[in-house]
Amino acid sequence: MIRNAEVLKQNISKAVRVYIIGCCLFVLVALASLWFGYYVIRYHNDKDWLLSLASAVSLTGAFLLWEMARRFRVKNILPDNYSVVEEHEYPTLFSIINEITTSLELHSIHKIYICPDATAAVFIQPQLRNIIFEPKKDLVIGLGFLTQMDDDEIRAMLYHEFGHYAQGEMNKSISVYTIGQFASSFISLIAEGAGKVEHIQLMLFTGFSLWICSRINKVYSKLAKQMEYDADDVAT
């Protein structure tokens, strides 16, 4: 089972690398389009047909670069009912968390949130740069769990959640989520501008992004099921 999970992780990593390389190639094509427009305007502005072509090509590249830059920083807005808590407010909870992170040799949690929902999860607020750089991890836990469960039950539950963290699943999930968010952010723009010349490169990039996302999601759905079993093993 563990070997199967590793194979799935490797497949996701390969798909993420393909996407990053693809993004870089699209950026290079867009820059080349701008250079082509500059070259024609600078040295061949006496040919109307070539000037019109260069203007159209440059516009497609400029539009893609502009929209990619606008969407590069993906932000995740937390629910209004998430409240940050400090150690002096829940000393026992913080003590259990420190015990677990020390036991599993993990980095400290960045922030701990309390919410009224019946939930508990280690999560990451996604940004596209976290595909490359390690993101900070946060924890949310439902207030009902803290009032209705004893320390041992809370400890077992948190061991399960930190089990995902310990096995490196968080890094895979953040890659999948951020790529999906980045790609889907272009869909409405494509629908609004379908058929416009300046959207050609953007349409091609969006099609490539969605194709990669569909491949990643298929693999990740299998990995998520396997990781749930593995996290249970950590908790026990």
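Residues numbered from 1 in each chain as written. Predicted model: local features only at pLDDT ≥ 70, side-chain atom pairs only at ≥ 80, totals over all residues. Heavy atoms only, no water.

Turning next to the overall build of the chain. Secondary structure summary: the chain contains eight helices and four strands in total. Secondary structure elements of the chain occur, N-terminal to C-terminal, as α-α-β-α-β-β-β-α-α-α-α-α. Sorting the 236 residues of the chain into buried and exposed places 41% on the buried side. A separation threshold of at least 6 residues defines the contact pool for the chain, and within that pool the share at least 24 residues apart is 78%. (Helix = DSSP H or I, 4+ residues; strand = E, 2+ residues; numbered from the N terminus. Buried < 20%, exposed > 50% of the residue type's maximum accessible area, 1.4 Å probe, protein only. Contact = heavy atoms within 4.5 Å.)

On to a nonpolar patch on the surface, then. A surface patch of nonpolar side chains, about 450 Å² in accessible area, is lined by Ile21, Leu25, Leu28, Leu31 and Leu34. Relative to the elements of secondary structure, Ile21 occurs in helix H1 (residues 2–43). (Patch = residues over 30% accessible without salt bridge, like charges linked within 9 Å, V, L, I, M, F, W, Y side chains within 5 Å. Areas by Shrake-Rupley, 256 points an atom, 1.4 Å probe, with all protein chains shown as cover. Salt bridge = Lys/Arg side-chain N within 4 Å of Asp/Glu carboxyl O.)

Locating Val84 in the fold gives a position in strand S1 (residues 83–84). Separated by 56 residues in the primary sequence, Val84 and Val140 place their C-alpha atoms 8.9 Å from one another. What Val84 contacts, discounting residues up to four positions off in sequence, is Glu89, Lys111, Ile112 and Tyr113.

Moving on, we get to the nonpolar core. Core analysis: the largest hydrophobic core is formed by 24 residues, its most contacted members being Tyr19, Leu64, Phe205 and Ile216. Residues Leu93, Met157, Leu158 and Phe162 belong to the second largest nonpolar core, which totals 20 residues. (Core = buried A, V, L, I, M, F, W, Y, C linked by side-chain atoms within 4.5 Å.)

This part takes up the sheet that holds S1. Read across the sheet, four strands follow the order S1-S2-S4-S3 without closing on themselves; strand pairing throughout is mixed. Every other strand in the sheet has two partners, leaving S1 and strand S3 (120–123) as the edge strands with one partner each. Pairing analysis gives four bridges linking S3 to strand S4 (residues 138–142), with the strands arranged antiparallel. Note that in S4 the partner of Ala120 across the bridge is Ile141. Contacts from helix H3 (residues 91–103) reach strand S2 (111–115) and S4 within the one sheet, and its direction differs from that of S2 by about 130°. (Pairing = 2+ DSSP bridges. Axes fitted to C-alpha atoms, helices over the stretch in contact; angles between N-to-C directions.)

A word on the pairing of S4. In terms of burial, S4 is a largely internal element, five of the five residues being buried. Covered by surrounding structure in S4 are Asp138, Val140 and Gly142 together with Leu139 and Ile141, the residues of both alternating faces.

Remember that the coordinates give geometry; whether it matters functionally is a separate question.
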